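The residues making up each chain are set out below.
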Amino acid sequence: QIQKVLHMPRSTLSARLAHLTVSDIIKRIQYSKVPGRYEYRLTERGIELYLVMLAMLRFGDDHLAGGQLPPLKLVHATCGHQCRTETICSHCRKPVDPLHVTYRDGPGAGWSVAPVERQRRRTSGVDAFERGRPSSVSRTLGILADRWTFLVLRELFFGVRRFDGFSTRLGIAPNILTDRLNRLVEQNILRRERYQESPERFEYRLTAVGRDLYPTFIQMLRWGDRWLGFQPPLILQHKICGHDFDAVIACDHCGEAIDPRDMRYHLNYPRL
């Protein structure tokens, strides 16, 4: 079934399934007495990745649908209503905006010099992730899945704004950094602001669209803190209520935290 949708070589698919199994994202279940016949089910760890995907889906629906209907219509079975998910503070239940969040080091905090790594070409665009079906998650991954783009955005959320700051923190080649910054400006994720006339220098700031990527980053943070076996490197505090918080994905109709098992969907495109 997976191969039919993705048109993926069997060897590649087998390698990916094996990696996800070793990472405890999925588990193999034998469904036939014939040896080698397995199906794959999400583990608890894998099921919680759905919340990260919901954050990416919301961003893709809001900013990457190109004026068309979002590919999926979500329904929250708990309240029975159509649902647009939102990321809220676990304490005050108000929506989370990066402008209203501060942070401090957690027990797992640390700092190291960026390793020297081979500079790679930019990851292929959205077509590489949208294979087989239209997807707001895939469209968001088309922005985030490139390693350098992800790291540049991460540093922006830590307050880095200038070329030299990105270069020092990330150990990134100047031509690659220039390419990623230009691309993010073209995508309306960043805007340039000149801070020096001669020589001309710019700093980079997140647009309102760029700030909407914040829920995806803090959902990844939450998932990693819970499932990857290390002490939390960051503690987030919500300025609105003054409390430390976890990022909760909630239904925008009933306000309840979403359990992935309680979500249903309808396709806004022909079933494959």
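Residues numbered from 1 in each chain as written. Predicted model: local features only at pLDDT ≥ 70, side-chain atom pairs only at ≥ 80, totals over all residues. Heavy atoms only, no water.

## Describing the overall build of the protein chain
For the protein chain, the helix and strand inventory stands at nine helices and twelve strands. A compact globule built from 272 residues should have a C-alpha radius of gyration of about 19 Å, and the protein chain, at 20 Å, falls within 12% of that. C-alpha extents for the protein chain along the principal axes are approximately 75 × 45 × 45 Å. In the protein chain, which comprises 272 residues, the share counted as buried stands at 35%. Side chains of the protein chain give 41 positive and 29 negative charges; the mean places of these two sets differ by 7 Å. (Helix = DSSP H or I, 4+ residues; strand = E, 2+ residues; numbered from the N terminus. Rg over C-alpha atoms; globule rule 2.2 N^0.38 Å. Buried < 20%, exposed > 50% of the residue type's maximum accessible area, 1.4 Å probe, protein only. Lys, Arg positive; Asp, Glu negative; His and termini not counted. Charge placed at Lys NZ, Arg CZ, Asp CG, Glu CD.)

## Regarding the layout of surface pockets
To locate leftover empty space, one rolls a probe as large as a water molecule over the atoms. When its volume is computed, the second largest pocket comes out at roughly 290 Å³. Arg58, Thr87, Val96, Asp212 and Pro215 are, among the 15 residues lining the second largest pocket, the residues nearest its centre. Mapped by element, the contributors of at least two residues to the lining of the second largest pocket are helix H3 (44-63) and strand S5 (85-89). Per-element accounting of the lining of the second largest pocket gives the leading share, four residues, to H3. Split by residue class, the lining of the second largest pocket holds seven nonpolar, two polar and six charged. (1 Å grid on protein atoms, 1.4 Å probe; cavity = no way out; pocket = protein on both sides within 12 Å on 5 of 7 lines; lining within 4 Å. Points joined across faces, edges and corners; volume = space filled by probe spheres on them. Nonpolar A, V, L, I, M, F, W, Y, C, P; charged D, E, K, R; others polar.)

## Quick notes on helix H9 (residues 214-227)
With 14 residues, H9 extends 20 Å between its outermost C-alpha atoms, agreeing within 8% with the 20 Å of an ideal straight helix rising 1.5 Å per residue. Listing the buried residues of H9 in full gives Tyr214, Pro215, Thr216, Phe217, Ile218, Gln219, Trp223, Gly224 and Trp227. Of the residues one or two after H9, glycine 229 is the one with positive phi, at around 80°. (Expected span 1.5 Å × (residues − 1).)

## Section: the environment of glycine 210
Mapped onto the secondary structure, glycine 210 falls in helix H8 (residues 208-211). A C-alpha to C-alpha distance of 4.2 Å links glycine 210 and isoleucine 189, two positions 21 residues apart in sequence. Glycine 210 has contacts with Phe157, Asn188 and Ile189, leaving out every residue within four places of it along the chain. (Contact = heavy atoms within 4.5 Å.)

## Overview of the nonpolar core
The biggest cluster of nonpolar side chains holds 33 residues, and the ones touching the most others in it are Val152, Leu153, Phe166, Ile189, Leu190 and Leu213. At the level of elements, helix H4 (136-144), helix H5 (147-157), helix H6 (163-170), helix H7 (174-186), strand S8 (201-206) and H9 are the ones that each hand at least two residues to this core. Take this core: its biggest share by element is six residues, from H5. Those residues in contact with leucine 153 that sit more than four places away from it in its chain are Leu144, Leu184, Ile189, Leu206, Leu213 and Phe217. Judged by nonpolar contacts, the second largest core, of 20 residues, contains Leu13, Leu51, Val52 and Cys251. (Core = buried A, V, L, I, M, F, W, Y, C linked by side-chain atoms within 4.5 Å.)

None of this, on its own, says anything about what the molecule does.
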